Amino acid sequence: MSAQTERTAIYPGSFDPITKGHEDIVRRALGFVDRVRVAVAHRRTQKKDGLFPIAKRIELIRQSFADEPRVSVGEFEGLLVDFAQRSGARLIIRGLRAVSDFEYEFQMALMNRQLWPEVETVFLAPDARYSFLSASLVREIASLRGDVSDFVSPHVLDALNERFGAAAT
Ligand code: PNS
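For every chain, the first residue of the written sequence is number 1, and numbering continues from 1 onward in sequence order. Selection of residues for local features in this predicted model requires a pLDDT of at least 70, selection of side-chain atom pairs for listing and counting requires 80 or more, and totals for whole chains, interfaces and linings are taken over all residues. Hydrogen atoms and water are omitted, and side-chain values are computed over all heavy atoms in the structure.

## A short note on the packing of helix α3 (residues 54-64) against helix α7 (residues 154-164)
Inter-axis angles, ranging from 0 to 180 degrees, are taken between N-to-C directions of lines fitted to C-alpha atoms, where helices are fitted over the stretch in contact. The numbering of helices and of strands both runs from the N terminus, where a helix is a DSSP run of H or I of at least 4 residues and a strand a run of E of at least 2. Put simply, α3 and α7 touch, their axes get as near as 9 Å, and they point 155 degrees apart. Classed by the angle they form, the pair α3 and α7 counts as roughly antiparallel. Residues Lys 56, Leu 60, Gln 63 and Ser 64 of α3 form the contact with α7, whose participating residues are His 155, Val 156 and Ala 159. Any angle that falls under 35 degrees is termed roughly parallel, while one over 145 is termed roughly antiparallel, one within 65 to 115 roughly perpendicular, and all others oblique. Note on definitions: a residue-residue contact is assigned when non-hydrogen atoms from the two residues lie within 4.5 Å.

Right, dumping it as structure tokens:
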């Protein structure tokens, strides 16, 4: 397939750190697009404090998809739609875990469309095992030395253990 006809989707987020829920969404997206570009948003863009620096988040995401050449990883500052345009992607992927996610996600999808009418947002439901999972809960549990081994891949667990000291796993 030529670069012109390939369908690329952007999967944006903080990924601080990447969880099994995120990994699940990317692999589901690869069921109907040719490439997924995981886009790590800079902190300034998000007005949130982070745990891992952007470079580390990117390294962890790359390790998660070391087996998958159709996944690339980038970082962005500023508007998501600008980054999507620069990446040649008209599709934004977002995971929808529960009804509580819906309002914010719907608002973002419509605002992104207002900013760039050609962009479409596709919501994917994760595996039910990850429907209550969030990176912020993972950070909190790991910081309190709880076991997050069900929720993150082993290389992410190592990074969390390095950051907080060995957890009960
Ligand atoms: O992992 P998150 O925190 O749910 O991701 C939120 C993210 C990064 C997708 C969102 O904050 C975003 O798109 N930020 C970029 C700035 C932007 O484009 N804002 C307008 C969105 S309507």
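## Section: the environment of Phe 164
Mapped onto the elements, Phe 164 comes out in helix α7. For the pair Phe 164 and Asp 82, spaced 82 residues apart in the sequence, the C-alpha separation amounts to 36 Å. Apart from residues lying up to four places away in sequence, Phe 164 is in contact with Leu 51, Arg 139, Ala 142, Ser 143 and Arg 145.

## Considerations on the nonpolar core
Working definition of a nonpolar core: buried Ala, Val, Leu, Ile, Met, Phe, Trp, Tyr and Cys residues. They are joined through side-chain atoms within 4.5 Å. The buried label goes to any residue with under 20% of its type's maximum accessible area, the exposed label to any with over 50%, and the partly exposed label to all in between, with areas taken from a 1.4 Å probe on protein chains only. In this structure, Val 26, Val 36, Val 38, Ile 61, Val 148 and Leu 160 are the most contacted members of the largest nonpolar core, which totals 36 residues. In terms of residue count, the dominant contributor to this core is α7 (five residues). Other than its neighbours up to four places away in sequence, Val 26 contacts Tyr 11, Val 36, Val 38, Phe 65 and Val 71. Formed by twelve residues, the second largest nonpolar core is a distinct cluster that contains Phe 76, Val 81, Ala 84 and Trp 116.

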